[in-house]
Structures are given as C-alpha cells and as structure tokens.
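This is what each chain is made of:
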Amino acid sequence: MKHKLAVIGYGGMGSWHCQNVATKIPEIQVKGIWDIRPEARDKARDDGLYVYSSLEELLEDDEVDLVTVAVPNNFHKELSIACLRAGKNVVCEKPVTMNAGELEEIIAVSRETGRLFSVHQNRRWDKDYRIVRKILEEGKLGSPYFIESRVQGSRGAMYGWRGYKVNGGGMVLDWGVHLLDQIMDMIPSPVVSVDAHLQRVFSGEVDDNIKLFVRFENGVSAVLEMSTNCFVNLPRWHVSCTKGTAVVQDWSCAGKTVQLREDAGEMAWDDDIVYTEAGPTRTMAPRPAYTTKEEALPEVTTDWSDYYKNIVDVIDNGAELIVQPEQCLRVMKVIDLIFESDRQSHGLACRI
Ligand code: NAD
C-alpha cells in the first residue's frame with residue numbers, strides 16, 4: 001500500500017517536498033497541501049495538487065498517514081503536535097522547534113500516540129559532509145582534533161520571516177542547526193563547551209553573521225561559521241588530523257587531502273631553520289615534499305531522498321530511524337546554550 005502524504009506550508013521548502021516525493025519516492029503519494037496564504041494555495045492548484053480547505057480537513061483525512069510540516073519555525077510545535085494527535089506520522093522541517101523545551105513536548109506526544117516523529121535534517125546527506133565523514137571513518141589522516149565547517153554568502157540580511165525573532169529567524173536556527181547536526185552526528189562524544197559570537201550586522205533583531213566554538217569531550221574542537229556578507233570564501237571544510245589535513249573547498253566538492261607518507265620515515269628535525277619569504281622559521285615552514293602525499297577526496301554517492309526512503313522503511317519494516325528526535329534534542333540543547341553564551345558574552349561549560 002502506498003503511503004499518503006500531506007504537506008503543511010507550500011512555500012520554498014513545502015513545494016520542494018511535494019516535488020521530491022512525487023518524483024523520487026514511489027512508495028509515497030502526495031495527497032494534498034494546506035497553506036494559510038491564498039497565493040500559496042493557488043500556486044499548489046496550478047501545480048496540479050489537491051488543496052485542503054482547512055487544516056482540520058487535512059487532519060481528518062484518514063487516508064493521510066504522513067504529514068510534512070514546512071512552515072516558519074514558530075509554528076512547528078503546535079502543528080506537529082496537532083498532526084501526531086490526529087494519528088499521523090510526522091516529518092518536521094528544521095529547526096525542529098524554537099528551543100529544546102518545545103521539542104520535549106513533541107517527543108512526549110509522539111511517545112504517547114506511538115506515531116513516528118522525525119526532523120528533515122537533509123544535510124546529513126550533503127556530499128561535502130559525507131566526504132568528510134568518510135575521510136574520518138577511513139582513518140588515513142589519523143585522529144581529528146580541529147574541524148572548521150562554514151557556509152558563506154554575500155547577500156546580507158535575513159529575509160522575510162527569517163528576519164524576525166518571533167518566527168524563529170536568524171542564522172543560528174537557519175543554518176546553525178544544520179552545521180551543528182552534522183558535526184554532532186559525526187563526532188561520537190558529548191559537547192562540553194560552547195562559545196557563541198552572534199552578530200546582527202544587517203538584520204536588526206536576529207543574528208546574521210556568526211561563529212560558534214564547540215568543544216567535544218574526546219578532545220575535538222570545532223569552529224562553525226555562517227556569514228551573509230563574505231566576498232572571499234574560506235573552505236567549506238578544513239579538517240586537521242594527527243597525520244594530515246583535508247580540505248573541501250565548496251559545495252562542488254573540489255578539494256584534497258594531504259597526509260604524511262608512511263614510507264618517508266621519521267622526519268629529521270635537527271635544528272634546521274627554514275628561510276621563507278617571511279624570514280626564518282622552524283615551526284611555520286611546510287614539511288619537505290618527500291614526507292607528504294596529496295590525494296583526491298574520496299568518492300561518495302548520496303541523495304537527500306534517502307531521508308524519505310528511511311522514513312518509509314521505518315514505517316513499513318521497523319527499520320532504525322536515521323534522524324532521531326533525541327539527536328535533535330541534543331542539538332536544540334546546544335542551541336539554547338548558544339543564545340545564553342551570546343547573552344553572557346563568554347563560553348559556557350556543559351555536557352550534552
Ligand atoms: P517560506 O516562507 O518559503 O514558506 C513557508 C510557507 O508556510 C508559506 O507559504 C506560508 O504561507 C506558510 N505558512 C505560514 N504559517 C503557516 C501556518 N500556520 N499554517 C500553514 N501554512 C503556513 O519558508 P520556507 O523557506 O519554505 O521554510 C519553511 C520551513 O522549512 C522552515 O522551518 C525552514 O527553516 C525550513 N527549510 C528547510 C530547508 C532544508 O534544507 N531542510 C531549506 C529551507 C527551509
């Protein structure tokens with residue numbers, strides 16, 4: 001039997017969900033949408049979709065067993081809970097909620113109703129992220145100790161509802177939740193401190209240019225950066241490991257790894273001073289070329305649609321849910337601390 005999906009919110013992401021499911025997930029049929037805006041409903045009709053006359057009509061449609069919530073962030077909690085209580089399985093867009101407390105309420109209702117609840121953390125299937133994961137899993141570069149992950153654009157402010165606090169606007173909740181979800185999914189260790197530098201350069205009330213410093217209990221540190229006013233980008237990923245460095249330049253996944261050659265033997269440090277353009281130095285000079293080797297980044301194949309394939313597999317076959325609400329709760333707890341760290345202007349210890 002095909003699953004029947006209804007989507008709440010037919011804006012940028014809601015329309016993407018409909019299209020993605022219709023073209024890539026044969027096990028799910030898009031039954032219809034609901035949106036509070038008449039223009040969005042007209043657009044959905046033009047796109048050939050059934051448009052519910054109200055949220056209630058959608059919730060009462062017994063054929064629908066899965067609902068995707070793709071509305072501004074401040075409505076995620078009430079709509080997800082309404083759908084769960086109506087007996088639907090629910091996929092909610094990121095950030096799942098405005099804070100950890102709201103997500104705890106959803107998790108309680110999901111347990112009470114026995115319905116599936118998951119969050120569309122689609123960037124766990126991004127190619128750049130999968131490449132970095134694969135490099136760390138292969139272990140050829142040794143152990144990671146410092147990871148820089150950044151996304152940078154140059155279009156300035158946060159637009160539309162993303163510019164307002166009441167809607168859950170700002171960069172922490174927009175992209176920060178993706179970069180945190182990725183790094184916390186990749187590093188198997190509790191977060192033990194967070195230091196947030198949130199700047200509101202163009203957007204008035206919400207953060208639009210941010211740096212987050214996150215420390216894990218196993219010794220790995222990460223810098224996560226999101227800029228809206230950067231005209232010369234730094235690499236998407238820069239990963240320092242004990243035996244080498246990996247760089248993924250951008251979403252096209254240009255990049256390389258440079259690692260120590262195993263056959264080069266121990267490098268003799270002696271007391272040699274290297275003369276660089278900046279004068280003599282021992283520690284800041286590159287190693288001799290014969291001690292290192294450069295490799296292409298590993299190949300990975302990945303597709304955002306795998307998210308929905310997992311949802312189907314969980315409902316039909318009891319497979320393990322990949323994006324679990326408890327993982328998202330860890331991320332939301334870190335996000336709560338990020339706002340607190342910014343308020344207090346210093347780093348905060350934790351164990352999350
Ligand atoms: P959008 O403004 O393009 O669309 C939101 C739609 O929701 C609008 O059509 C609006 O009329 C409708 N809406 C608002 N309140 C509603 C309500 N109470 N009931 C029904 N409809 C309502 O926004 P967007 O870019 O599509 O973002 C929607 C959600 O998707 C946000 O949570 C955002 O963070 C998330 N998002 C996720 C990704 C991703 O890659 N996972 C990308 C973009 C957006």
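For the structure given in this document, a descriptive report is provided here. Please read these numbers as outputs of a predicted model, since none were measured by experiment.

With that settled, consider the packing of aromatic side chains. Inspection of every chain in the model, using the stated rule, returns 6 aromatic pairs. Taking the centre distance of 5.0 Å and the plane angle of 85° together, the rings of tyrosine 50 and tyrosine 52 count as edge-to-face. Looking at tyrosine 50, the relative accessible area reads 41%, which means it is partly exposed. Taken together, a centroid distance of 5.9 Å and an interplanar angle of 85° make the contact between tryptophan 125 and tyrosine 307 edge-to-face. Remark: tyrosine 307 occurs in helix H8 (residues 306–317) and tryptophan 125 occurs in the loop between strand E5 (117–120) and helix H6 (127–138); sequence separation between them is 182 residues. Like tryptophan 125, the residue tyrosine 307 is buried in the burial classification. Each residue in the set Trp125, Tyr307 and Tyr308 is aromatic and connected to the rest through ring pairs, giving one cluster.

Turning next to the nonpolar core. Core analysis: the biggest nonpolar cluster contains 101 residues, and Leu180 and Ile338 have the highest contact counts within it. If one sorts the elements of this core by residue count, helix H7 (residues 171–186) sits on top with 10 residues. Summarising the domain contributions, this core has at least three residues from each of domain 1 (3–120 + 304–320) and domain 2 (124–302 + 333–349). Ignoring anything within four residues of it in the chain, the contact list for isoleucine 338 reads Val172, Leu180, Val194, Ala196, Leu198 and Leu212.

For the rest of this paragraph, the subject is unusual backbone geometry. Omega for the bond connecting lysine 94 with proline 95 falls within 30 degrees of zero, at -15°, which places this linkage in the cis form. Relative to the elements of secondary structure, proline 95 occurs in the loop between strand E4 (89–93) and helix H5 (100–113). Phi angles above zero are rare outside glycine, and cysteine 253 is one such case at about 70°. For cysteine 253, the location among the structural elements is in the loop between strand E11 (244–248) and strand E12 (255–260).

The next thing to look at is the state of the cysteines. Using the criterion set out here, one finds 0 disulfides in the structure. The thiol of cysteine 18 is not disulfide-bonded; the next cysteine sulfur, from cysteine 83, is found 14 Å away. By relative accessible area, cysteine 18 is classed as buried at 5%.

The subject of this paragraph is the pairing of strand E1 (residues 3–8). Of all 6 residues making up E1, 6 are buried, and the element is well covered by its neighbours. Of the two faces of E1, both are covered, the one formed by His3, Leu5 and Val7 as well as the one formed by Lys4, Ala6 and Ile8. Bridge count between E1 and strand E2 (residues 28–34): 6 bridges; the pairing is parallel. In the strand pairing of E2, alanine 6 is matched with glycine 32.

With 8 bridges connecting them, strand E7 (residues 191–199) and strand E8 (residues 209–216) associate as antiparallel partners. Residue pairing in the sheet places alanine 196 in a bridge with leucine 212 of E8. For E7 and strand E16 (residues 348–349), the ladder comprises 2 bridges, and the chain directions are antiparallel. Within the sheet, the bridge partner assigned to serine 193 lies in E16 and is alanine 349.

Below, the discussion takes up the site of the ligand. In the vicinity of the ligand there are 24 residues, among which Met13, Asp35, Arg37, Asn73 and Asn122 approach most closely. Measuring from an oxygen atom of the ligand, one finds a side-chain N or O atom of arginine 37 at 2.7 Å. The protein chains hide 86% of the 840 Å² of surface that the ligand would expose on its own. Of all the cavities here, the one that holds the ligand is the largest pocket. Looking at the shell around the ligand residue by residue, the class counts come to 11 nonpolar, 8 polar and 5 charged.

Its location among the elements puts threonine 97 in the loop between E4 and H5. By relative accessible area, threonine 97 is classed as buried at 0%. At 2.8 Å, the side chain of threonine 97 and the backbone oxygen of asparagine 99 are in polar contact. If near-sequence neighbours (up to four positions away) are discounted, threonine 97 is found in contact with Lys77, Glu102, Leu103, Ile106, Leu173 and Met332.

Further remarks concern the pattern of salt bridges. Counted according to the given criterion, the structure contains 28 salt bridges. Two residues, aspartate 61 and lysine 31, come together in a salt bridge whose shortest N-O distance is 2.7 Å. With aspartate 61 in the loop between helix H3 (55–60) and strand E3 (66–69) and lysine 31 in strand E2, this residue pair connects regions lying 30 residues apart in the sequence. Of the residues examined, lysine 31 reaches a relative accessible area of 23% and is grouped as partly exposed. With a closest N to O distance of 3.2 Å, glutamate 295 and lysine 140 form a salt bridge. With glutamate 295 in strand E15 (residues 292–295) and lysine 140 in the loop between H6 and strand E6 (144–152), this residue pair connects regions lying 155 residues apart in the sequence. For lysine 140, a relative accessible area of 43% corresponds to the partly exposed category.

Let us now look at the side chain of serine 240. Among the secondary structure elements, serine 240 is positioned in strand E10 (residues 237–241). Looking at serine 240, the relative accessible area reads 13%, which means it is buried. When sequence neighbours within four positions are dropped, the list of residues in contact with serine 240 reads Ser143, Pro144, Tyr145 and Phe146.

Conventions and cut-offs
Residues numbered from 1 in each chain as written. Predicted model: local features only at pLDDT ≥ 70, side-chain atom pairs only at ≥ 80, totals over all residues. Heavy atoms only, no water. Phe/Tyr/Trp six-rings, centres within 6.5 Å; stacked < 30°, edge-to-face > 60°. Buried < 20%, exposed > 50% of the residue type's maximum accessible area, 1.4 Å probe, protein only. Helix = DSSP H or I, 4+ residues; strand = E, 2+ residues; numbered from the N terminus. Core = buried A, V, L, I, M, F, W, Y, C linked by side-chain atoms within 4.5 Å. Domains from an automatic or database assignment. Contact = heavy atoms within 4.5 Å. Disulfide = S-S within 2.5 Å. Pairing = 2+ DSSP bridges. Near = heavy atom within 4 Å. Polar contact = N/O pair within 3.5 Å; in protein donor to acceptor, adjacent residues only side chain to side chain. Areas by Shrake-Rupley, 256 points an atom, 1.4 Å probe, with all protein chains shown as cover. 1 Å grid on protein atoms, 1.4 Å probe; cavity = no way out; pocket = protein on both sides within 12 Å on 5 of 7 lines; lining within 4 Å. Sits in = over half its atoms within 2 Å of the grid points. Nonpolar A, V, L, I, M, F, W, Y, C, P; charged D, E, K, R; others polar. Salt bridge = Lys/Arg side-chain N within 4 Å of Asp/Glu carboxyl O.

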